[in-house]
Amino acid sequence: MSLESRIRLLADIDRAIMRWQDETQAYDDAVGEIGGLGSGERRCLGLLLHGPQTAGALATVSGLTPAAVTALMDRLEARGFVTRRRDPDDRRKVIVEATEEVRRLADIYYGPIQRQGRQMLEAFSDAELGTILEFLTSAADLQREQLSQLPLYRSSAGH
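Only a predicted model underlies this, so the values are computations on that prediction, with no experimental measurement involved.

**Q** Give me the overall build of the protein chain: which residues, what numbers.
**A** Per the secondary structure count, the protein chain includes 7 helices and 3 strands. What you see in the protein chain, going N to C, is helices and strands ordered as α-α-β-α-α-β-β-α-α-α. Over its C-alpha atoms the protein chain spans a radius of gyration of 19 Å, topping by over 25% the 15 Å that the globule rule assigns to 159 residues. Overall size of the protein chain, expressed as C-alpha extent along the three principal axes, is 60 × 35 × 35 Å. Considering only residue pairs separated by 6 or more positions, the protein chain has 46% of its internal contacts joining residues 24 or more positions apart. Surface summary for the protein chain: the accessible area is close to 11,400 Å², and the carbon and sulfur share equals 59%. Positive and negative side-chain charges in the protein chain, numbering 20 and 24 respectively, have mean positions lying 5 Å apart.

Here's what the structure looks like:
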């Protein structure tokens, strides 16, 4: 590949990444609007789909203050989206868990994307899949690192 072709390919990848981020954000915003959920609520529910979390962990990962997470959990619990219970090993901690309703809604709105995305990935070789995984992991790490450098995020997360 010529240097000129490589530069064009890298520019095309840059544009494709920006488009993917924009399309993902637009989809998430639309799902949030349908469900009457703000971005903070969607972010916490997304984290809870990976398994129960302490309220403190949700505050740390979301960048919200503990008081803001408590208010957010109050709203989500009132809507039947989360349950809370005391940590049996440390009664000072509260464990938050997504309800079956959240899993059902996630499957309705995100299941088709996951299933069709899996079909797309199955067309790639094992080596290509390894490269894709390496890129996505590195890109997510880069996003997290850049987020931590934003002044508003640092101050709201208590950094």
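**Q** Could you give an account of the pattern of salt bridges, naming the residues involved and the relevant values?
**A** Applying the stated criterion across every chain yields a total of 10 salt bridges. With a shortest N-O distance of 2.9 Å, arginine 42 and aspartate 29 are connected by a salt bridge. Here aspartate 29 lies in helix H1 (residues 3-35) and arginine 42 lies in helix H2 (residues 39-48), a separation of 13 residues in the sequence. In this structure, the salt-bridge partner of arginine 92 is aspartate 90, at a minimum N-O distance of 2.9 Å. Of the residues examined, aspartate 90 reaches a relative accessible area of 17% and is grouped as buried.

**Q** Talk me through the nonpolar core; I want residue IDs and the actual numbers.
**A** If you look at the biggest cluster of nonpolar residues, it comprises 16 residues, and the most contacted ones within it are Leu45, Leu58, Met73, Leu76 and Val82. Of all the secondary structure elements, the ones that give two or more residues to this core are H2, helix H3 (55-62), helix H4 (66-78) and strand E3 (90-98). Discounting chain neighbours no more than four positions away, the residues touching methionine 73 are Cys44, Leu58, Val82, Arg84 and Val96.

**Q** Please give an account of H3 that cites residues and values.
**A** For H3, the full list of buried residues reads Leu58, Ala59 and Ser62. Looking down the long axis of H3, one finds its buried residues gathered within 100° of arc, a one-sided arrangement. At the C-terminal side of H3, glycine 63 shows a positive phi close to 80°.

**Q** I'd love a proper account of the confidence of the model for the protein chain, names of residues and values included.
**A** A low pLDDT means the predicted coordinates there should not be read in detail. Confidence in the prediction of the protein chain, expressed as mean pLDDT, is 91, and 95% of residues score 70 or more. When mean pLDDT is taken per element in the protein chain, helix H5 (residues 100-121) scores highest with 97 and helix H7 (residues 151-156) scores lowest with 60.

**Q** Just give me the short version of the packing of H1 against H5, but keep the residues and values in it.
**A** H5 packs onto H1 with a crossing angle of 155° between their chain directions and a minimal axis gap of 11 Å. By the angle between their axes, H1 is roughly antiparallel relative to H5. When H1 is examined against H5, the residues Tyr27, Asp28, Val31 and Ile34 are found in contact with a partner set consisting of Tyr109, Tyr110 and Ile113. The residue makeup of the contact of H1 with H5, split by class, is 6 nonpolar, no polar and 1 charged.

Quick notes on the rules
Residues numbered from 1 in each chain as written. Predicted model: local features only at pLDDT ≥ 70, side-chain atom pairs only at ≥ 80, totals over all residues. Heavy atoms only, no water. Helix = DSSP H or I, 4+ residues; strand = E, 2+ residues; numbered from the N terminus. Rg over C-alpha atoms; globule rule 2.2 N^0.38 Å. Contact = heavy atoms within 4.5 Å. Areas by Shrake-Rupley, 256 points an atom, 1.4 Å probe, with all protein chains shown as cover. Lys, Arg positive; Asp, Glu negative; His and termini not counted. Charge placed at Lys NZ, Arg CZ, Asp CG, Glu CD. Salt bridge = Lys/Arg side-chain N within 4 Å of Asp/Glu carboxyl O. Buried < 20%, exposed > 50% of the residue type's maximum accessible area, 1.4 Å probe, protein only. Core = buried A, V, L, I, M, F, W, Y, C linked by side-chain atoms within 4.5 Å. Arc of directions from axis to C-beta. pLDDT = per-residue confidence, 0-100. Axes fitted to C-alpha atoms, helices over the stretch in contact; angles between N-to-C directions. Parallel < 35°, antiparallel > 145°, perpendicular 65-115°, else oblique. Nonpolar A, V, L, I, M, F, W, Y, C, P; charged D, E, K, R; others polar.

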